[in-house]
Amino acid sequence: MDVQVGDVLVMKKNHPCGGNTFDCLRSGMDFRLRCTQCGREFMIPRAKAEKNIRKILRGGIAVPRDPRKAD
Ligand SMILES: [Zn+2]
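This is a predicted model, so every value here is computed, not measured.

Engineer: Explain the environment of Pro 45 to me, please; I cannot follow it from the model alone.
Structural biologist: Structurally, Pro 45 can be placed in strand β4 (residues 41–45). The class of Pro 45 is exposed, set by 10 C-beta atoms lying within 10 Å. Spatially, the C-alpha atom of Pro 45 lies 16 Å from that of His 15, the residues being 30 residues apart in sequence.

Engineer: Looking at this structure, I do not really get the sheet that holds strand β1 (residues 8–11). What am I missing?
Structural biologist: Pairing between sheet strands relies on hydrogen bonds along the backbone, with the strands arranged either parallel or antiparallel. If you trace the 6 strands from one edge of the open sheet to the other, you get β4-β3-β2-β1-β5-β6, paired in antiparallel fashion. Whereas interior strands pair on both sides, the edge strands pair on one side only; in this sheet they are β4 and β6 (61–62). Note: strand β5 (residues 53–58) against β6, 2 bridges, orientation antiparallel. Bridge pairing in β6 places Leu 57 opposite Ala 62.

Engineer: What is the right way to read the nonpolar core from this model?
Structural biologist: The tendency in soluble globular proteins is for nonpolar side chains to be buried side by side. Membership of the largest hydrophobic core is limited to 6 residues, which are Leu 9, Phe 22, Phe 31, Leu 33, Cys 35 and Ala 49. If one sorts the elements of this core by residue count, strand β3 (residues 30–35) sits on top with 3 residues. With sequence-adjacent residues up to four places away left out, Leu 9 is seen in contact with Val 3, Thr 21, Phe 22, Cys 24, Leu 33, Ile 53 and Ile 56.

Engineer: Would you mind showing me how to read the pairing of β5 here?
Structural biologist: Remember that side chains alternate between the two faces of the sheet whenever the strand is regular. Here β1 pairs with β5 via 4 bridges, running antiparallel. Pairing of Val 10 across the sheet is with Lys 55, part of β5. A loop of 2 residues connects β5 with β6, the two strands running antiparallel in sequence, and Gly 59 in this loop sits at a positive phi of about 60°.

Engineer: Help me out: how do you make sense of the environment of Arg 46 in this one?
Structural biologist: Structurally, the position occupied by Arg 46 is in helix α1 (residues 46–52). C-beta crowding within 10 Å serves as the criterion here: with 14 such atoms nearby, Arg 46 is assigned to the partly exposed category. On a C-alpha basis, the gap between Arg 46 and Thr 36 in space is 19 Å, while along the polypeptide they are 10 residues apart. What Arg 46 contacts, discounting residues up to four positions off in sequence, is Met 29, Asp 30 and Phe 31.

Engineer: What exactly am I supposed to notice about the pairing of strand β2 (residues 21–26) here?
Structural biologist: For β1 and β2, the ladder comprises 3 bridges, and the chain directions are antiparallel. Bridge pairing in β2 links Leu 9 to Phe 22. Two strands pair when backbone bridges link them, and β2 and β3 are joined in this way by 4 bridges, in the antiparallel orientation. Residue pairing for β3: Asp 23 is matched across the bridge by Arg 34. Counted along the chain from β2 to the antiparallel partner β3, the turn is 3 residues long, and its residue Gly 28 has a positive phi close to 155°.

Calculation rules
Residue indices follow the written sequence of each chain, beginning from 1 at its first position. Whole-chain, interface and lining totals are the exception, using all residues; otherwise, since this is a predicted model, local features are given only for residues with pLDDT of at least 70 and side-chain atom pairs are given and counted only at 80 or more. Put simply, DSSP H or I for four residues or longer makes a helix, DSSP E for two residues or longer makes a strand, and each gets a number counted from the N terminus. Burial is judged by counting the other C-beta atoms within 10 Å of a residue's own C-beta: 20 or more makes it buried, 12 or fewer makes it exposed, and any count in between marks it as partly exposed, with every C-beta position built from the backbone. In this scheme, strands are said to pair when DSSP sees at least two bridges between them. To define a nonpolar core, we join buried Ala, Val, Leu, Ile, Met, Phe, Trp, Tyr and Cys residues through C-beta atoms within 7 Å and take the resulting set. Here contacts are defined at the residue level, using C-beta atoms placed from the backbone and a cut-off of 7 Å between them.

Any functional reading would require information beyond the geometric quantities listed.
Here it is in structure tokens:
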């Protein structure tokens, strides 16, 4: 799954504050995410995060999941 810095991740599981959208501050082996509702930042392993992603928004537009359809 292609996640870039600046993307907004919509997760399947809510943050404890009730929000489910997160800004991606850092991508790599781990993601650094910031909850858009409460502003809390945390690191999460990529593998764990990817299982939990419902969709990725880039510039407010959903990014296609299928890599063949990217670009
Ligand atoms: Zn939160």
